[in-house]
Structures are given as structure tokens and as C-alpha cells.
Amino acid sequence: MPRSVNHVASRARRKKILKLTRGYFGARKNVWTVAKNTWEKGLTYAFRDRRNKKRTFRALWIQRINAAARLEGMSYSQLMGALHKAGIEINRKVLADLAMNHPQAFKAVVARAKAA
């Protein structure tokens, strides 16, 4: 009996991945084995960097809060300690947004923290 191979499905699988690798450099976009390896490696980078993004944004928020706090005569650690003592539960993302876009509101938060 002749060998039956589903060329339609296997070609569709290849086309799907080659479409995803469009725009890559050199053989990475059109040579099947290279493109497949590149695409798989890209998925591992995406998984890793979804976690690293959280890390880098937290670091950015801390830098912004520190810069704004120093304009008010406090360091970042002093401000965070004062906020904790005052019982003000505000996360770093919101605090950094206040520091950047609403400096008067940030000043009010710092004043409340200093008073406590």
C-alpha cells in the first residue's frame, strides 16, 4: 500500500510559523529549521521578559518617587517609612504617577506623611 502523508497539514504548519517570522534577518525568516528555532527562542524571551517588565517598572517608579521626594527634602526610604507609620496605603505605581503628573497632590501626601 502506498505511503500516505498529509502534505496539506504539514505545509500549513510550516507556513504558520514562517508567517510569524516575517521581518527577521537573513535565513531566520525563510529557512524552516532556522525560522522554527528562532521563533521558539523568541517565545522563551517573551516568557522571561513578561516577568522582567514588572521588575523594571518597579525600579522606574522608585526612581521617580525618590526624585520627587528629594525635592520635598526627604529620601525615598524616609518617605516610604513615614507613609507606613502614617498608615497611608498607596502603592508605588500610583505614587510615581502623582509625582510625575500631579505634583501638588504628591506634596499633600508627603505633608501628611511628615505630620504623622
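Everything below is about the structure shown above.
Residues numbered from 1 in each chain as written. Predicted model: local features only at pLDDT ≥ 70, side-chain atom pairs only at ≥ 80, totals over all residues. Heavy atoms only, no water.

**Notes on the environment of Leu79**
Link 1 in the chain: Inspection of the secondary structure assignment puts Leu79 in helix 3 (residues 76-86).
Link 2 in the chain: Here Leu79 falls in the buried class, since its relative accessible area comes to 0%.
Link 3 in the chain: Residues Leu79 and Lys114, 35 residues apart in the sequence, show an inter-C-alpha distance of 8.1 Å.
Link 4 in the chain: Among residues more than four places away in sequence, those in contact with Leu79 are Ile65, Ala69, Met74, Phe106, Val110 and Ala113. (Helix = DSSP H or I, 4+ residues; strand = E, 2+ residues; numbered from the N terminus. Buried < 20%, exposed > 50% of the residue type's maximum accessible area, 1.4 Å probe, protein only. Contact = heavy atoms within 4.5 Å.)

**Here's the deal with helix 4 (residues 92-101)**
Structural remark: α-helix, 3.6 residues per turn; residues separated by three or four positions point the same way.
Link 1 in the chain: Turning to helix 4, its buried residues number three or more, namely Leu95, Ala96, Leu98 and Ala99. For helix 4, the arc enclosing every buried residue in end-on projection is 160°, short of the 170-degree limit, so these residues lie on one face.
Link 2 in the chain: Looking at the buried side of helix 4, the elements it contacts are helix 2 (32-71), helix 3 and helix 5 (103-115). (Arc of directions from axis to C-beta.)

**A closer look at the nonpolar core**
Link 1 in the chain: Judged by nonpolar contacts, the single largest core of 17 residues is most densely connected at Ile65, Leu79, Leu83, Leu95 and Phe106.
Link 2 in the chain: For this core, the secondary structure elements donating two or more residues are helix 2, helix 3, helix 4 and helix 5.
Link 3 in the chain: If one sorts the elements of this core by residue count, helix 3 sits on top with five residues.
Link 4 in the chain: For Leu83, the contacting residues outside a window of four places in its chain are Ile88, Ile90, Leu95, Val109 and Ala113. (Core = buried A, V, L, I, M, F, W, Y, C linked by side-chain atoms within 4.5 Å.)

**Observations regarding the packing of helix 4 against helix 5**
Link 1 in the chain: Packing of helix 4 against helix 5 brings their axes to within 6 Å, and their N-to-C directions diverge by 125°. As the angle between them shows, helix 4 and helix 5 are arranged oblique. For the pair formed by helix 4 and helix 5, the contact residues are Leu95, Leu98, Ala99 and Asn101 on the first element and Pro103, Ala105, Phe106 and Val109 on the second.
Link 2 in the chain: Residues belonging to the contact of helix 4 with helix 5 are distributed by class as follows: seven nonpolar, one polar and no charged. (Axes fitted to C-alpha atoms, helices over the stretch in contact; angles between N-to-C directions. Parallel < 35°, antiparallel > 145°, perpendicular 65-115°, else oblique. Nonpolar A, V, L, I, M, F, W, Y, C, P; charged D, E, K, R; others polar.)

**What about the side chain of Thr38?**
Link 1 in the chain: As for its placement among the helices and strands, Thr38 is situated in helix 2.
Link 2 in the chain: With residues near it in sequence (within four places) discarded, Thr38 still touches Tyr24 and Arg28.

**Quick notes on the pattern of salt bridges**
Link 1 in the chain: Inspection of every chain in the model, using the stated rule, returns two salt bridges.
Link 2 in the chain: The residue Glu40 makes a salt bridge to Lys36 at a minimum N-O spacing of 3.0 Å. With Glu40 and Lys36 both in helix 2, this residue pair falls four residues apart, about one helical turn.
Link 3 in the chain: Residue classification places Lys36 among the partly exposed residues on the basis of a relative accessible area of 29%.
Link 4 in the chain: The shortest N-O distance in the salt bridge between Asp49 and Arg48 comes to 2.9 Å.
Link 5 in the chain: We classify Asp49 as partly exposed; its relative accessible area is 33%. (Salt bridge = Lys/Arg side-chain N within 4 Å of Asp/Glu carboxyl O.)

**Here we look at the packing of helix 2 against helix 4**
In helix packing, the relevant descriptors are the interaxial angle and the interaxial distance, both defined with respect to the helix axes.
Link 1 in the chain: One way to put it is that helix 2 packs onto helix 4 with a least axis distance of 8 Å and a crossing angle of 45°. Put simply, helix 2 runs oblique to helix 4. Considering only the axes of helix 2 and helix 4, their crossing is left-handed. Every residue of helix 4 that contacts helix 2 at Arg58, Trp61, Ile62, Arg64, Ile65 and Ala68 is listed here: Arg92, Lys93, Leu95, Ala96, Ala99 and Met100.
Link 2 in the chain: Broken down by class, the residue content of the contact of helix 2 with helix 4 amounts to eight nonpolar, no polar and four charged. (Left-handed = near helix turned anticlockwise from the far one by under 90°.)

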